[in-house]
Amino acid sequence: MVVGILTEKPSAARNLAAALGGMSGRFNGEEYVIAHARGHLYEFVDPHRMVAPEAVQRYQKWDLVNLPWDPQDFTWQLETIKDAEPVAREVKQTLGRCDELVIATDVDPSGEGGMIAVNAFRELHLSPSTWSRMYFTDEAASSLQKAFVARRRIPSLEQFDEYRKALYRSQFDFLSMQWTRCATVLARATGRDVVLRQGRLKSAMVTLVGDQLRAHLEYVKRPFFQNRFRDENGVMYAWADEPRFDDKAQVPHRYSASAVVADTSTTRRTTPPKLLDLAALSALLVGKDIKAKTVLEVYQRMYEAQVVSYPRTEDKTITPEQFAELAPLVDRIASIVGVDARLLTRRDPRPTHVKAEGAHGANRPGPNVPASLAEVEQRFGGAGRLIYETLAKNFLAMLADDYVYEQQKGHLHDYPEFTGIANVPRNAGWKAVFDPDAGQDDSDKDPDAESAESDSTAGLGRIAEPFVFEGANKRPEHPSMRWLMKQLEKRDVGTGATRTSTYSEVTSTSTKHPLLIEKGRKLGLAPAGVVSWRLLPGTRIGDLALTERIYADMRDIADGAATAEDRLAVVAGWVREDIAVMAKNAAALGRKEGVESTSREKVTGTWRDREVTFSREWGGHRFTDDEVHCLLAGETIEFQARSQQGQVYDVYGALADQEHNGRAYVGFAKQGFGRRDSDGQSLPPRQWCSHVFTDAEIQRLVAGSAIEASDFVSKRGKRFRCRVWFKETTPGEGRKIVPEFV
């Protein structure tokens, strides 16, 4: 009897072979052979190719009269993905004569790994006497050996729970193409030549970002003025019933200095932040110019090398066994990332972070500890170094003490209604290891007008002086990737890995019609995103609760409490409703002003001793208040713009007198491409084709030397090796990355 094992990818096959003793052989008294897929080998054919001949035209043409679709019309036919045919043939050749076939693909919450294997087995017409499943949390040798010995029998592929729920999800997402056709047709009817890709997570992201951006841009500051006190340590004292005034001159000066009376002193503590998922990790790294797509690609390679844990986990904690596996490696990991091991005083499992539940465990360092960060960078590039350093410090933080501070409360002797609070740090604890909020942009965070709580290393002072406090209503935060991921997590929309991959798609600069635009840490709507956002209000596909419902359906289908056919039957009604809603929204597209509308925003100010009005937008970039100030002052600014093809590029320039079609005007004038240093010298981009340049590589490029690397990634996702320079090819256009293929 021969046991055939199918893994999800070549690297998983190599790890399994290392655990069992080869790609074929005997283990635990059983003869086995290993084959591997390459992720998905099969995909659905186009809609018109899986229906009866008389229905082909209806399902092929993008016309609203052909919607909604009837799921019963579909055969759900699959075809081999491009370039996957040789892999599929090898799987059949290797496993065709096996008596038992084992699914050893990734075990993930969506069931996708199970569906990869089942699709391959069914399409290749493999029919062993026994089906089984290996369950493992990682690809360490001990885990794989245990999973092989304890594999579980599957009565039939059709009843396999992973396959059932994953098939339902993929069928629903296939039917979601109807919303893409609907939105695109309606948008084009208004003269907009766009393709508006809709979907559960894509539409949720557009809705959240558009609504938040509108709230941010439509914010109207409503200042108020009020008497307050401040002591010599900067602690503020306020009274909730103290009158507020609209004008500073209206505030009566009726108070004088007063002594401070200490009331209570309480020791407070906060536990370390939770372990990161892939979305939270990507959100931290986007501020360091590492794109979500790069994080996904590099993290996967690092996982295959067992340097980090499984990427597509849904867990927020780790198990006691996973904690015990890393415990002996803690000091080595700390040394590599520059954390003083003496700070790691909590070597026992924290109950908030270590629980006897879950499967793969939260994202964390893997069992293969590198020798140094330099080694990580050499193997996985600058992005790999940042991924490992961030992930390791986040893991190590739970081994540090709590952050401890003393909260001192007091009031004013002469005016006891005025109270203040001072939070005095006593022990940095985990913040000395990893502070996720350090270095974050807080330009959108306004002081809490109601609060008299202050962070003060010196605590309450002795004497407080009166002053006129200026407060205002808080401005809604500008959307960012970090903000968006928090909103999605709060609403339980998607897993961390799914959020990251979808975010990578909707912000991709290689697509013609991206939905979202990244501007540093900030996030905005691309032109196609604006149209999509204005079509979505009131729709089912734009409802943030839709994904929650789909996941509930998946659980029911996996448990046998429902069938995919029943749950898919409602989609036609949803599409019919949304066509009517989108048509109504589309009718207002030409009239209604929206976020980043097609009529460009103008700004007026004094430039060169005269009043000028100029466009506040250039190349898809909206000038910030600081940038406007610098432009009016005659300074040169630099920022990221976007070409008509969706490519993001660095540009710098200043205001200038210009002329277009005989009309004189003042506007931003480009002076060159690329980033610049403090001396005005052009700098290379931080990354090119997914390769993140190290500081040393940037210095070499600036000096005119070439850089050679093998981890560049093409638009089609293919890795390639080449040599690049940073030089000017067209006079006046500035220096840029110039490749030479080797």
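Since the structure is predicted, the reported quantities are computational estimates derived from the model, not experimental observations.

(A) Focus on the overall build of the protein chain. From N to C terminus, the protein chain includes 21 helices and 31 strands. Taken over the C-alpha trace, the protein chain has a radius of gyration of 30 Å; the compact-globule value for 742 residues is 27 Å, and the two agree within 12%. For the protein chain, the C-alpha atoms occupy an extent of roughly 95 × 70 × 60 Å along the three principal directions. For the protein chain, buried positions account for 52% of its 742 residues. The contacts of the protein chain with a sequence gap of at least 6 include a subset with a gap of at least 24, amounting to 70%. For the protein chain, the accessible surface area stands at approximately 34600 Å², while carbon and sulfur atoms represent 47% of it. Looking at charge distribution, the protein chain has the averaged site of its 100 positive side-chain charges lying 3 Å from that of its 104 negative ones.

(B) Spotlight on the pairing of strand 29 (residues 707-713). The buried fraction of strand 29 amounts to five of the seven residues, a majority that puts the element mostly inside the structure. Strand direction decides the pairing type here: strand 29 and strand 30 (residues 719-728), joined by five bridges, are antiparallel. The partner of A709 across the bridge, within strand 30, is C722.

(C) Representation of the pattern of salt bridges. This model, assessed by the stated rule, comprises 36 salt bridges. Among the ionic pairs, R567 bridges to D553, the shortest N-O distance being 2.5 Å. Pair noted here: R567 is in helix 18 (residues 564-568) and D553 is in helix 17 (residues 545-559), with a separation of 14 residues, a long-range link. Judged by its relative accessible area of 24%, R567 is partly exposed. Among the charged side chains, a network of salt bridges with common partners joins E8, K9, D106, D108 and R312.

(D) Broad picture of helix 15 (residues 496-506). Counting buried residues along helix 15, eight of its eleven residues qualify, which places the element largely inside the surrounding structure. Residues of helix 15 that are buried include every one of G496, A497, R499, T500, T502, Y503, S504 and V506, and no others. On its buried side, helix 15 packs onto helix 8 (200-217), helix 9 (278-286), helix 10 (292-304), helix 14 (481-490), strand 16 (516-519) and strand 17 (522-525).

(E) Quick look at the packing of aromatic side chains. Taken as a whole, this structure holds 32 aromatic pairs when the rule is applied. Aromatic side chains F44 and W76 sit 5.2 Å apart centroid to centroid with 55 degrees between the ring planes, which places their arrangement in the tilted category. With a gap of 32 residues between them, F44 in strand 4 (residues 42-44) and W76 in the loop between helix 2 (56-60) and strand 5 (78-80) connect regions that are remote in the sequence. The exposure class assigned to F44 is buried, which follows from its relative accessible area of 18%. Aromatic pair F712 and F720: ring centres 5.7 Å apart, planes at 25 degrees, arrangement stacked.

(F) Molecular detail of helix 14. Judged by how many residues are buried, helix 14 sits mostly within the fold: seven of ten residues are covered. Buried residues of helix 14: M481, R482, W483, L484, M485, Q487 and L488, and no others. Turning to helix 14, the residues buried within the fold contact helix 8, helix 9, helix 10, helix 15, strand 16 and strand 17. Just downstream of helix 14, D492 is the residue with a positive phi angle, here 55 degrees.

(G) Up close: the environment of G420. Summarising the element assignment, G420 is placed in strand 13 (residues 419-427). On the basis of relative accessibility, which here comes to 3%, the residue G420 falls in the buried class.

(H) Here's a closer look at the sheet that holds strand 2 (residues 24-27). With mixed pairing, the six strands of this open sheet are ordered in space as 2-3-1-6-7-8. The sheet terminates laterally at strand 2 and strand 8 (152-154), the two strands that pair on one side only. For this sheet, the mean inter-axis angle between neighbouring strands, taken without regard to orientation, is 35 degrees. Bridge count between strand 6 (residues 100-104) and strand 7 (residues 130-133): four bridges; the pairing is parallel. Of the residues in strand 7, the one forming a bridge with E100 is T130. Strands strand 1 (2-7), strand 3 (30-36) and strand 6 of the sheet are contacted by helix 3 (residues 85-95), whose axis makes an angle of about 170 degrees with strand 3.

The rules behind the values
- Residues numbered from 1 in each chain as written.
- Predicted model: local features only at pLDDT ≥ 70, side-chain atom pairs only at ≥ 80, totals over all residues.
- Heavy atoms only, no water.
- Helix = DSSP H or I, 4+ residues; strand = E, 2+ residues; numbered from the N terminus.
- Rg over C-alpha atoms; globule rule 2.2 N^0.38 Å.
- Buried < 20%, exposed > 50% of the residue type's maximum accessible area, 1.4 Å probe, protein only.
- Contact = heavy atoms within 4.5 Å.
- Areas by Shrake-Rupley, 256 points an atom, 1.4 Å probe, with all protein chains shown as cover.
- Lys, Arg positive; Asp, Glu negative; His and termini not counted.
- Charge placed at Lys NZ, Arg CZ, Asp CG, Glu CD.
- Pairing = 2+ DSSP bridges.
- Salt bridge = Lys/Arg side-chain N within 4 Å of Asp/Glu carboxyl O.
- Phe/Tyr/Trp six-rings, centres within 6.5 Å; stacked < 30°, edge-to-face > 60°.
- Axes fitted to C-alpha atoms, helices over the stretch in contact; angles between N-to-C directions.

Everything listed is a geometric property; what it means functionally is a separate question.
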